[in-house]
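Overview (structure and organization)
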Amino acid sequence: MPYEAVIGLEVHAELLTESKVFCGCSAKFGAPPNQNTCPVCLAMPGALPVLNRRAVEFAIRAGLAVNCEIARLSRWARKNYFYPDLPKGYQISQYELPLCLGGWVEIEVDGATRRIGLTRIHMEEDTGKNIHDAHSDASLVDFNRCGVPLLEIVSEPDLRSAQEAGAYLRKLRTILQYLEICDGNMEEGSFRCDANVSIRPRGTRALGTKVEIKNMNSFRNVERAVDYELKRQAQALQEGGRLVQETRLWDPDREVTRPMRSKEFAHDYRYFPEPDLLPLVVSDAWVEAVRTTMPELPDDRCQRFQQQYGLPAYDAEVLTMRKDIADYYEATVRYHHNPKALSNWVMGDVLRILRERKLDSAFVIHDWPVAPERLAAMVELIDSGEISGKIAKAVFEEMVGTGKTPVQIVEEQGLKQISDAGAIVAAVEQVLANHPDKVAEYRGGRDKLFGFFVGLVMKATQGKANPQKVNDLLRDKLSA
Ligand SMILES: [Zn+2]
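What you see is a predicted model; the values in this text were computed from it and never measured.

Of the regular secondary structure elements, the protein holds 15 helices and 17 strands. For the protein, the C-alpha radius of gyration of 29 Å lies well beyond 23 Å, the compact-globule estimate for 480 residues. Projected onto its principal axes, the C-alpha coordinates of the protein cover approximately 90 × 55 × 55 Å. The buried share among the 480 residues of the protein stands at 50%. Partitioning the intrachain contacts of the protein with sequence separation of at least 6 by distance along the chain shows that 69% fall at a separation of at least 24. Total accessible area on the protein is roughly 23200 Å²; 52% of this is exposed by carbon and sulfur atoms. In the protein, which carries 61 positive and 68 negative side-chain charges, the distance between the mean positions of the two groups comes to 2 Å.

Encoded structure:
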């Protein structure tokens, strides 16, 4: 492509506080419509906002994690616009003086590390939600979300491809989840993203006309929407057309972006300082106190997993992508020290089950049926030769389905591995006796038949024979 992509992302992350940012209503997702409301978040005349200290603390945590400067004084502003889900007719946000300035997030794409700059992180309140009833013509409004604390994380236009945009978002979400300040659930809308996309001829500096894309509720959709938009813009320019600054909606069914409205500018919102709230003053002591509560972040943990457990970089990356999974993995290793085998199980079967059950937001692994000590106990059974790796697959499925311990399952179902040479010899001899022609071929030089014999012996023992012993005994008998 003769053009270069210029992409900046605006991420909205709902903070996991108990209550809303300017009132005492619950900020929890999923309550019956309009249950979590009060005069403040419903904008009754005379009601005044009171700032939630915890929300500020969470925002400072985010700022420190992505290398921002924490402003010692920031200011609340009113962003004025009309929409039915915004009862005050304005949103309390931060404009000229945001809480967090600068900073960066490091991403890795195709083996290369890039530092993506951040412009700012500011705090604001979420809006309510319009619900369009498909069966009648009614539009309903649910104000439960109105006033839930939000971070808006604005990146510099440093991203150069849809792939980089996806990597940046995943990294940012991982960091927020590690901080335990946002659950990162894109489907429930607690982690949302708008993309500013433009192109310019390669080698030039001036920015092209930018288009804002909305309505992307998964990483995959962000990548596809950005990709589509880059191609659309390049084609328009190549055909001699002009681009307009506008907001477009991603249509995930038709996989296209559609014009929504012409892009608004900052002056359209008539920002002015919020007269009902004092400027936000953050002391050095407060910032330092928050700094002492910071957890180990994903990049550091990834490095440590490689050093402490001798894991390949790939394993360490996959395991540390989510804090709950990294915690789970470390717990299993404490019960049974076979880091690589446990890594294989967590990256393979555990993640597969989480995907199948759509347990793909943070923190859910805590209540799933296979507790760390059980997975560890199962790997211990493999390592001590009690069960084969193949039988372990069945034991694992049974643990997921029933919540039983691996020892219980192995005993109940008689799955113990046959390591007794006598029993295996009998099976080996039977298999060889049944296939004299294949034995002759093997001895004549068709080495490949060895696997065929192994398969038959395993089948004859219902998969319970110790595979190493089967190999040894077969080799013995065949070379006799
Ligand atoms: Zn309220």
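Take the environment of Ser-19 next. Note on placement: Ser-19 falls in the loop between β1 (3-14) and α1 (53-65). Taking the C-alpha atoms as reference, Ser-19 lies 51 Å from Leu-415; in sequence the two are 396 residues apart. Apart from residues no more than four positions distant in its own chain, Ser-19 is found in contact with Gly-24, Cys-25, Ser-26, Ala-27, Asn-52 and Pro-149.

Now for the side chain of Thr-127. With respect to the element layout, Thr-127 can be found in the loop between β8 (112-125) and β9 (129-132). Relative accessible area serves as the criterion here: at 9%, Thr-127 is assigned to the buried category. When residues no more than four places from it in sequence are discounted, the contact partners of Thr-127 are Tyr-81, Asp-85, Leu-86, Arg-145 and Cys-146.

Attention shifts here to the environment of Asp-158. Its location among the elements puts Asp-158 in the loop between β11 (149-155) and α2 (162-178). It is 5.7 Å that separates the C-alpha atoms of Asp-158 and Ile-116, two residues lying 42 residues apart in sequence. Contacts of Asp-158, omitting those with residues within four sequence positions, involve Ile-7, Arg-114, Arg-115, Ile-116, Gly-117 and Glu-164.

Turning our attention to the packing of helix α8 (residues 339-356) against helix α10 (residues 389-402). The description of two helices packed together rests on the angle between their axes and the distance between the axes. Between α8 and α10, the least distance of the axes is 12 Å, while the angle of their chain directions is 40°. The angle between α8 and α10 falls in the class oblique. When the axes of α8 and α10 are compared, the crossing they make is right-handed. In contact with Trp-345, Asp-349, Val-350, Arg-352 and Ile-353 of α8, α10 contributes Ala-392, Lys-393, Phe-396, Glu-397 and Val-400. Residues belonging to the contact of α8 with α10 are distributed by class as follows: six nonpolar, no polar and four charged.

Once that is clear, we can look at the sheet that holds strand β4 (residues 76-80). A sheet is described by the order of its strands in space; here three strands give the open sequence β5-β4-β16, paired in antiparallel fashion. At either end of the open sheet lies a strand with only one pairing partner, and these are β5 (90-94) and β16 (272-273). Across two bridges, the pairing between β4 and β16 is antiparallel. The partner of Arg-78 across the bridge, within β16, is Phe-272.

This next bit is on unusual backbone geometry. The backbone of Glu-255 sits at a positive phi, close to 55°, despite the residue not being glycine. Take Glu-255: it is sitting in the loop between β14 (246-251) and β15 (256-262). For Gln-462, which is not a glycine, the phi torsion comes out positive at approximately 50°. Note on placement: Gln-462 falls in the loop between α14 (449-460) and α15 (467-479).

This brings us to the packing of aromatic side chains. Scanning the entire structure with this criterion turns up 13 aromatic pairs. Ring geometry for Phe-191 against Phe-219: centres 6.5 Å apart, planes inclined by 65°, an arrangement best described as edge-to-face. Of this pair, Phe-191 sits in strand β12 (residues 191-201) while Phe-219 sits in helix α3 (residues 219-238), placing them 28 residues apart in sequence. A single burial state applies to Phe-191 and to Phe-219, both of which are buried. Judged by centre distance (5.7 Å) and plane angle (85°), the rings of Tyr-309 and Tyr-329 are edge-to-face. Within this pair, whereas Tyr-309 is found in helix α5 (residues 298-309), its partner Tyr-329 is found in helix α7 (residues 323-335), the two being separated by 20 residues in sequence.

What counts as what
Residues numbered from 1 in each chain as written. Predicted model: local features only at pLDDT ≥ 70, side-chain atom pairs only at ≥ 80, totals over all residues. Heavy atoms only, no water. Helix = DSSP H or I, 4+ residues; strand = E, 2+ residues; numbered from the N terminus. Rg over C-alpha atoms; globule rule 2.2 N^0.38 Å. Buried < 20%, exposed > 50% of the residue type's maximum accessible area, 1.4 Å probe, protein only. Contact = heavy atoms within 4.5 Å. Areas by Shrake-Rupley, 256 points an atom, 1.4 Å probe, with all protein chains shown as cover. Lys, Arg positive; Asp, Glu negative; His and termini not counted. Charge placed at Lys NZ, Arg CZ, Asp CG, Glu CD. Axes fitted to C-alpha atoms, helices over the stretch in contact; angles between N-to-C directions. Parallel < 35°, antiparallel > 145°, perpendicular 65-115°, else oblique. Left-handed = near helix turned anticlockwise from the far one by under 90°. Nonpolar A, V, L, I, M, F, W, Y, C, P; charged D, E, K, R; others polar. Pairing = 2+ DSSP bridges. Phe/Tyr/Trp six-rings, centres within 6.5 Å; stacked < 30°, edge-to-face > 60°.

So far we have only geometry, and geometry alone does not tell us how the molecule works.
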